[in-house]
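Residue-level structure breakdown
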Amino acid sequence: MMKADLLVKGCSELHTLSGGKKPRMGKEMMDTGLIKNGAFVVKNGEILDVGKEDRILKEYEAAEIIDASGKLVVPGFVDPHTHLVFSGSREDELVMKIQGKTYMEILNAGGGILRTVRKTREASKDQLKYEMKKRMDVMLAHGTTTAEAKSGYGLDLDNEMKCLEVIREIDHPLELVPTYMGAHALPPEFDDHSKYIDYCCDTVLPAVADVAEFCDVFCEKGVFDAGDSKRLLVKAAELGLGIKVHADEIENIGCTTMAAELGAISCEHLVKSSSGDIEAMAKNSVIGILLPGTPFMLMDDHYSPAREMIDHGMAIALATDLNPNCWTESMQMIITLACLQMKMMPEEALTASTFNAARAIGRADIGSIEPGKKADFLILGIPNLMHLPYHFGVNLVDMVFKEGVLQ
Ligand code: NIG
Ligand code: FE
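Residue positions within a chain follow its written sequence, with the count starting from 1. Each chain gets a letter, beginning with A, and each ligand a number, beginning with 1, in the order they are written. In view of the model being predicted, local features appear only for residues whose pLDDT reaches at least 70, and side-chain atom pairs are presented and counted only at 80 or more, with totals across whole chains, interfaces and linings using the full set of residues. The side-chain quantities take in all heavy atoms of the structure and omit both hydrogens and water.

1. Quick look at the packing of aromatic side chains
- Here a pair means two rings of Phe, Tyr or Trp (six-membered ring of Trp) with centres within 6.5 Å. Their orientation is stacked below 30 degrees between planes, edge-to-face above 60, and tilted elsewhere. Tallied over the full model, the rule gives 8 aromatic pairs.
- Taken together, a centroid distance of 5.1 Å and an interplanar angle of 85° make the contact between Phe 86 and Trp 327 edge-to-face. One end of the pair, Phe 86, is in the loop between strand E6 (77–79) and helix H2 (91–98); the other, Trp 327, is in the loop between strand E13 (315–318) and helix H13 (331–342), with 241 residues separating them in the sequence.
- The rule is simple: take the accessible area with a 1.4 Å probe, protein chains only, and divide by the maximum for that residue type; under 20% is buried, over 50% is exposed, in between is partly exposed. Residue classification places Trp 327 among the partly exposed residues on the basis of a relative accessible area of 38%.
- Here the aromatic cluster, defined as three or more aromatic residues joined through ring pairs, consists of Phe 190, Tyr 196, Tyr 199 and Phe 224.
- Sitting over a ring, as applied to charges here, requires NZ of Lys or CZ of Arg to be within 6 Å of the ring centre and within 35 degrees of the ring normal. Against the face of Phe 355 rests Arg 24, its NZ or CZ located 4.6 Å from the ring centre.
- Lying over the aromatic face of Phe 214, Lys 244 brings its terminal NZ or CZ to 5.0 Å of the ring centre. Numbering of helices and strands starts at the N terminus; helices are DSSP runs of H or I of at least 4 residues and strands are runs of E of at least 2.

2. Considerations on the confidence of the model for the chain
- Looking at the chain, the pLDDT average stands at 97 and 100% of residues meet or exceed 70.
- pLDDT is defined as a per-residue confidence score from the predictor, taking values between 0 and 100. Within the chain, no element has a lower average pLDDT than helix H3 (residues 103–108), which sits at 86, and none a higher one than E6, at 99.

3. Concerning a nonpolar patch on the surface
- Residues enter a patch when their relative accessible area is above 30% and they make no salt bridge; the linking distance is 9 Å between like charges and 5 Å between nonpolar side chains (Val, Leu, Ile, Met, Phe, Trp, Tyr). In short, Shrake-Rupley with a 1.4 Å probe defines the accessible areas, and a residue's cover is counted only from the protein chains shown. Salt bridges are counted wherever a side-chain nitrogen of Lys or Arg sits within 4 Å of a carboxyl oxygen of Asp or Glu. Nonpolar side chains collect at one region of the surface, where Leu 94, Ile 98 and Met 299 lie side by side and expose about 280 Å² of accessible area between them.
- Positionally, Ile 98 belongs in helix H2.
- Its relative accessible area of 59% is what places Ile 98 among the exposed residues.

4. A look at the state of the cysteines
- Any cysteine sulfur atom paired with another within 2.5 Å is treated as part of a disulfide. Applying the stated rule across the entire model yields 1 disulfide.
- Cys 339 carries a free sulfur, and the closest cysteine sulfur to it, the one in Cys 326, is 17 Å from it.

5. Some words on the domain arrangement of the chain
- These domain limits were set by an automatic method or by a database of domain assignments. Domain assignment breaks the chain into domain 1 (2–75 + 367–406) and domain 2 (78–359).
- Look at where the C-alpha atoms of domain 1 and domain 2 centre, and you get two points 29 Å apart.
- Here, two residues are considered to be in contact whenever any of their heavy atoms come within 4.5 Å of each other. Contacts between the two partners involve 36 residues from domain 1 and, on the opposite side, 34 residues from domain 2.
- Throughout, buried area stands for the accessible area (probe radius 1.4 Å) lost by two parts on being put together, summed over both. Note on domain 1 versus domain 2: buried area summed over both sides is about 2,700 Å², and carbon and sulfur give 68% of it.
- Connecting domain 1 to domain 2 are 2 salt bridges.
- The shortest N-O distance in the salt bridge between Lys 374 and Glu 175 comes to 3.1 Å.
- Pairs of N or O atoms within 3.5 Å make up the polar contacts considered here, provided that, within protein, one atom can donate a hydrogen while the other can accept it, and that residues adjacent in sequence are counted only when both atoms are side-chain atoms. In this structure, the connection of domain 1 to domain 2 is made through 13 residue pairs in polar contact (both at pLDDT 80 or more).
- It is strand E15 (residues 397–402) that contributes the most residues to the side of domain 1 that touches domain 2, 4 residues altogether.

Shown next as structure tokens:
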């Protein structure tokens, strides 16, 4: 008998997401690597073997055995788009939205992002870590074991650096991947978007290139146009950063095709993407990160055209967009919205929240339960995958394991 640290047996449905390195595209997203009555073993924080329970029980003995009978077991959720570093909240803006104000009206009146910028600039690193830790505890309890975290509420060099350092320094089992998003709004000390992009390119990007892994930009009408966004992304790529873009969230101003042709790893939001944008993303193997929590909180009936994207062979990932305008830590909530509002199948939503989400932040060692991968996995108190979108608004996760350790 071979020895392992931990053996999980009796999984009613074990969705391994195993197979291959590339993101699953189009129809491949239905393949979740399902093993019924599955089991697996963990050693040194990694998956050692996975398969049918009969074989695993014959071949391995383990210091600890967990019985997952009647339960769903999946890889830990990966949340590939969050604005995790911010101070304060904006609950009164929800009331304004209920009364009919739009997101852009609130932003242009000095609310929205700029209001959070003021609070975040005032906050010390310790204050930011204190607020972030509470969110990260909730994320982990709801099954998120890795997340991307964008800066973008500091805007100037010192405050963007402060936010990125907080992402790097925070001591928490939930692993974070840092993205520089200084081009999130025009800071009050600038009166011209193009001059602010010059400042980002010349002063901020060279300083943050060692701290961040990706660069993102809010390419939107009234915020940064496609030309300025392109200048920033080209410079970021020269400095070795991966590139991402917030595109087609409110209006389509031609950013998605531009970013796809520049080699972006992902384009994010994509509510107003055209068929041409979808073709450009599919052709350039760009992962579309869809954020159905955002239109939900904006009370907008338009969601990203996920079905058209999947039919055109695109790879889709899902994320929370966690920020003061759309505050949820729960990928389970996002999976429910994805299935109900964008007509994604439960299998597609699971692939988009694990395997494809990991690829969308450049991680190949997470997102599936297969030999050699980090042992990040969830045991849920439901018997099958269909319950995940169906039984909504509560936490279905019984146990969260990060690198083989129960959290
Ligand atoms: O992705 N759209 C830009 N950024 C965030 C919202 C930020 C905020 O409202 O504070 C988003 O939705
Ligand atoms: Fe966002």
